[in-house]
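Overview (structure and organization)
Residue-level listing of the chains:
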Amino acid sequence: MPTLNPDDSIFNQLETFGHKKVVFCSDPDTGLKAIIAIHDTTLGPALGGTRMWAYRNETDALHDVLRLSKSMTYKSAIAGLNLGGGKAVIIGDSRKDKTEALLRKFGRFIKNLNGEFITAVDVGTNPKDMEYIKMETQHVMGVPESIGGSGDPTPIAALGVFMGIKACVKELYGSDALTGKTIIVQGIGHVGENLVKLLRDENAKVYISDINDELLGQVAKKYGAEAVSTNSIFDIDADIYAPCALGATVNTQTIKKLKCAIIAGSANNQLEDEEIHGQMLLEKGVLFAPDYVINAGGIINCYSELMGFSKKRTMQLTENIYEATRNVLKLSKAENISTIVAANKIAEKRISDIKKVKSTY
Ligand code: NAD
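Position labels on residues start from 1 in each chain and follow its written sequence. Local features in this predicted model are restricted to residues whose pLDDT is 70 or higher, and side-chain atom pairs enter the listing and the counts only when it is 80 or higher, whereas totals over whole chains, interfaces and linings include all residues. Here the side-chain values reflect all heavy atoms present in the structure, with hydrogen atoms and water set aside.

**Some thoughts on the site of the ligand**
Counted only if it meets this: The cutoff for a nearby residue is simple: one of its non-hydrogen atoms must lie within 4 Å of the molecule or strand. Under the rule applied, a polar contact is a pair of N or O atoms within 3.5 Å (in protein, one hydrogen donor and one hydrogen acceptor; residues adjacent in sequence only if both atoms are side-chain atoms). Numbering goes from the N terminus for both helices and strands, where a helix is a DSSP run of H or I of at least four residues and a strand is a run of E of at least two. In the scheme used here, Gly and all other residues not listed as nonpolar or charged are polar, with Ala, Val, Leu, Ile, Met, Phe, Trp, Tyr, Cys and Pro taken as nonpolar and Asp, Glu, Lys and Arg as charged.
Residues in contact with the ligand amount to 19 residues; listed here are only the nearest, His190, Val191, Asp210, Ala245 and Ser266. Here Asp210 contributes a side-chain N or O atom positioned 2.6 Å from an oxygen atom of the ligand. Interatomic distance of 3.0 Å between a side-chain N/O atom of Asn268 and an oxygen atom of the ligand. Within the residue set of the shell around the ligand, elements represented by two or more residues are α5 (154–173) and α6 (190–201). Along the lines of polarity and charge, the residues of the shell around the ligand split into eight nonpolar, 10 polar and one charged.

See the structure below:
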């Protein structure tokens, strides 16, 4: 992905990332300051979560929403969904600044987009917030199950990551069995814990790390995993590293230390720099499952909700992540390109192919 220059004009930034539309939502009465970015709608309406975050400044908020909305385009494209990419950010502290009125006003702005943008939960928002937004617009997913939503997406997100891990194991070892494989799961929150369960059910040896010591102890005991300190994870001689906490953990320093043969986890934007670190991993012979390919379970859950939720269909679409990952690995090998470049190529090809389909009314 190209790097944005925050000193550039807003229109130049949109051109760099290929955005279609950006909406600035301002409502002094409710204190709402939000940005909705619609990156691409070739495949369908732009679907992406709403993040609420106390950004240092508006430039950071704009940068975040442009970057995140573009990744949503690629994530949905490669998952085979008929969705475009979008994202929204509300500028504010989700613990202090969130009110019913602010969220409902935000819902009104989404309503005015007439379905071009559909939102869902992200960092700093929850299903209850989506319920408020839904009071003003139908274009919201991830509402509570009690009002027709698809419920907690995290087990589905973990299943997608699990399928991605298996696809990498198959590529490297000829079989996708996880028995006896060693895996480090960094971050055992919503997705991480569900992933630990799936891995332990297949008798993998699992190391876990988290900054929350209490949670670490509980999860270790519950699933028979081994707790390790956060700063020792790169010293462990494991087969797989699954980043499920933060982005940018794969960088020049960690790649040098890394002993694993595979990196596959849920965290968004794991490579600090796609181009540099994707290439470094290729040269080191480490198989990297691009995060947006294998963490698509959450968006698949939303898509399923949009189509009239079916658990069976959601599971099928999530299991397809196995084949999607295999295709990325195959292209990377055939063309000797990093897996992230291979994934981007596959996603871009699907978008340009479908553009041709849609050229006739
Ligand atoms: P979460 O907040 O529930 O869990 C994150 C965990 O990481 C927490 O337990 C936290 O204590 C831990 N953590 C934070 N910093 C850490 C560090 N330095 N070392 C070790 N642990 C650390 O979040 P989640 O919903 O489980 O999501 C995890 C990641 O997956 C995030 O990057 C998220 O963006 C991504 N993701 C989530 C979903 C989803 O459906 N929830 C879907 C796609 C991608």
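**Points about the domain arrangement of the chain**
The criterion, for reference: What counts as a domain boundary in this text is fixed by an automatic or database domain assignment.
Looking at the assigned domains, one finds that the chain contains domain 1 (10–69 + 84–147) and domain 2 (154–296 + 322–347). Distance between the C-alpha centres of domain 1 and domain 2: 29 Å.

**Some thoughts on the environment of Ile91**
Heads up, the condition is: The contact definition used throughout considers only heavy atoms, calling two residues in contact when any of these lie within 4.5 Å.
Note that Ile91 resides in strand β4 (residues 84–91). Apart from residues lying up to four places away in sequence, Ile91 is in contact with Lys33, Trp53, Tyr55, Glu58 and Ala61.

**Re the packing of α5 against α6**
Each pair of packed helices can be summarised by the angle the axes make with each other and by the distance between the axes. Just so we agree on the cut-off: Axis lines are fitted to C-alpha atoms, over the contacting stretch for helices. Their N-to-C directions set the angle, which ranges from 0 to 180 degrees. By the definition adopted for this analysis, an angle is roughly parallel if under 35 degrees, roughly antiparallel if over 145, roughly perpendicular if from 65 to 115, and oblique otherwise. Crossing handedness is defined as follows: a turn of the near helix away from the far one that is anticlockwise and smaller than a right angle gives a left-handed crossing, while the clockwise case is right-handed.
Closest axis-to-axis distance for the α5/α6 pair is 8 Å, and the angle between their directions is 55 degrees. Between α5 and α6, the angle is such that the two are oblique. Crossing handedness for the pair α5 and α6: right-handed. Contacts between α5 and α6 involve Thr154, Pro155, Ala157, Ala158, Leu159, Val161, Phe162 and Ile165 from the first element and His190, Val191, Asn194, Leu195, Leu198 and Leu199 from the second. Considered class by class, the residues forming the contact of α5 with α6 number 11 nonpolar, three polar and no charged.

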